[in-house]
Amino acid sequence: DDDRDGVGNALEWVLGGSSATRDGGRLPVASIDGSNVVFTFKRDRRSLAAGTTLAIQAGAGLDAWSASYPVGATVTAPVTITDNGDGTDTVRLTLPRGQDSRKFARLRVTLE
């Protein structure tokens, strides 16, 4: 986190930011859409490079991530990718709220 904004360099790279500027506005957003929780972020397509692994992890608490959804060049439901035509994709995970009083999601980025 070279710019000390609380966002790791690898995450900033995937989100199209820079390790030299504060990029908090690029962070993923969670919202409610009817009976679903929606986790959305914009991905820079250059981050599809070999050695980069992305996954959206979700769970009912911050102490256990019970589900993991890989995000690569292609995805499977409940994740969708929309090509924005500008070198970025909008990635969206939609999960039913179900009986959980809370749902949490996070984006995990691994660089090898």
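Residue indices follow the written sequence of each chain, beginning from 1 at its first position. In view of the model being predicted, local features appear only for residues whose pLDDT reaches at least 70, and side-chain atom pairs are presented and counted only at 80 or more, with totals across whole chains, interfaces and linings using the full set of residues. To obtain the side-chain values, all non-hydrogen atoms of the structure were included, while hydrogens and water were left out.

## Side note on the overall build of the chain
When its secondary structure is counted, the chain shows 1 helix and 7 strands. Every helix listed is a DSSP run of H or I at least four residues long, and every strand listed is a run of E at least two residues long, numbered separately from the N terminus. Secondary structure elements in the chain, listed N-terminal to C-terminal, are α-β-β-β-β-β-β-β. Buried means the residue's accessible area, taken with a 1.4 Å probe over protein chains only, is under 20% of the maximum for its type, while exposed means over 50%, and partly exposed covers the values in between. Within the span of the chain, comprising 112 residues, buried residues form 29% of the whole. Accessible areas in this description were obtained via Shrake-Rupley with a 1.4 Å probe; residue shielding takes into account the shown protein chains only. When the accessible surface of the chain is split by element, carbon and sulfur atoms take 48% of a total near 6,700 Å².

## Focus on the nonpolar core
What is meant by a nonpolar core is a set of buried Ala, Val, Leu, Ile, Met, Phe, Trp, Tyr and Cys residues, joined one to another through side-chain atoms within 4.5 Å. One finds Phe41, Ile56, Tyr69, Val71, Leu93 and Leu107 to be the most contacted residues of the largest nonpolar core, which totals 17 residues. Those residues in contact with Leu107, other than ones at most four positions away along the chain, are Leu11, Leu15, Pro28, Phe39, Phe41, Leu54, Ala55 and Ile56. Residues count as neighbours in contact if any of their non-hydrogen atoms are within 4.5 Å of one another.

## Let's talk about the sheet that holds strand S3 (residues 52-59)
Paired strands, as defined in this entry, are two strands with at least two bridges between them according to DSSP. The antiparallel open sheet is built from 3 strands, whose spatial order is S4-S3-S7. In this open sheet, the two strands that pair with only one neighbour each are strand S4 (67-71) and strand S7 (104-111). Along the sheet, successive strands turn relative to each other by an average axial angle of 25°, direction set aside. Fitted lines through C-alpha atoms give the axes, limited to the stretch in contact for helices. The angle between two N-to-C directions lies from 0 to 180 degrees.

## Quick look at the sheet that holds strand S6 (residues 88-96)
The antiparallel open sheet is built from 4 strands, whose spatial order is S1-S2-S6-S5. Among the strands making up the open sheet, the edge pair consists of strand S1 (29-33) and strand S5 (79-83). Across the sheet, the mean angle from the axis of one strand to that of its neighbour is 25°, orientation sign disregarded.

## So, the confidence of the model for the chain
For every residue, the predictor assigns a confidence score, pLDDT, that lies between 0 and 100. Counting all residues, the mean pLDDT for the chain is 87, and 88% of those residues have values of 70 or more. Per-residue pLDDT, averaged within each element of the chain, yields its smallest value for helix H1 (residues 9-14) (83) and its largest for S5 (97).

## Some details on the pattern of salt bridges
Opposite charge on two side chains permits pairing when their charged atoms draw close. For this analysis, a salt bridge means a side-chain nitrogen from Lys or Arg found within 4 Å of a carboxyl oxygen belonging to Asp or Glu. Inspection of the entire model under this criterion finds 4 salt bridges. Between Asp33 and Arg92 there is a salt bridge; the shortest N-O distance is 3.5 Å. Here Asp33, found in strand S1, pairs with Arg92, found in strand S6; they are 59 residues apart in sequence, far enough to count as distant. You can call Asp33 partly exposed: its relative accessible area is 43%. Salt-bridge contacts for Asp89 lead to Arg43; the nearest nitrogen and oxygen are separated by 2.7 Å. Taken as a pair, Asp89 in strand S6 and Arg43 in strand S2 (residues 36-44) lie far apart in primary sequence, 46 residues in all.

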